[in-house]
Amino acid sequence: MNTAAPRVAYTRLAADAFKGLLAVSTTVHASSLDHELQELVYLRVSQINGCAYCLDMHSTALRKADIEPRKLDTVAAWRESRFFDARERAALGWAEALTRLPDGAPSDAAFDALRPHFDDKGISDLSMAVAVINAWNRLGAGLLPPLP
């Protein structure tokens, strides 16, 4: 793997689209979702998609936010980990369901699990966050930007 540059200079060659994705990311970052929950969702989706760049970015952000190390260490096994509350579990389940679309549309059960924890705005913001990190993962895993 080339660690000096991405496979193509997509930030320059698709500059308008890149800037648009950055703008969407900024909007999602300022949404109703708290920072730690966003970062947990981003980390889990990035684990599923195998994006090293995003895994590095979001695990670093969670460490800087002083997340419990054992919680961070068990994100991939959140269903079995005692470190996640019901709201986080609902969000992570939804994030996985939206990321794994080849498994079929997210189930009613995954959606219904959100209702006790999120209003319609929160569900919309969470879904946008999942969509955005999936887009970044495709760029990171496919075009291999160098790790900082």
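As a reminder, the structure under discussion sits directly above these lines.
All of the points below concern the structure found in this document.

Scoring rules and cut-offs
- Residues numbered from 1 in each chain as written.
- Predicted model: local features only at pLDDT ≥ 70, side-chain atom pairs only at ≥ 80, totals over all residues.
- Heavy atoms only, no water.
- Core = buried A, V, L, I, M, F, W, Y, C linked by side-chain atoms within 4.5 Å.
- Buried < 20%, exposed > 50% of the residue type's maximum accessible area, 1.4 Å probe, protein only.
- Helix = DSSP H or I, 4+ residues; strand = E, 2+ residues; numbered from the N terminus.
- Contact = heavy atoms within 4.5 Å.
- Expected span 1.5 Å × (residues − 1).

With respect to the nonpolar core
If you look at the biggest cluster of nonpolar residues, it comprises 33 residues, and the most contacted ones within it are Val-41, Leu-114, Phe-118 and Leu-126. If you tally residues by element for this core, the top one is helix H8 (residues 120-143), at seven residues. Those residues in contact with Leu-126, other than ones at most four positions away along the chain, are Leu-33, Val-41, Ala-91, Trp-94, Leu-114 and Phe-118.

Some words on helix H6 (residues 86-99)
The first and last C-alpha atoms of H6 sit 20 Å apart over 14 residues, in line with the 20 Å expected at 1.5 Å per residue. Counting buried residues along H6, 10 of its 14 residues qualify, which places the element largely inside the surrounding structure. Tucked inside the fold, the buried residues of H6 contact helix H3 (35-49), helix H5 (69-73), helix H7 (108-112) and H8.

Description of the environment of Cys-51
Here Cys-51 shows up in the loop between H3 and helix H4 (52-64). Along the backbone, Cys-51 and Lys-71 are 20 residues apart, and their C-alpha atoms lie at a distance of 20 Å. Contacts of Cys-51, omitting those with residues within four sequence positions, involve Ser-46, Asn-137, Gly-140 and Ala-141.

Read these as layout, nothing more, since geometry by itself doesn't imply function.
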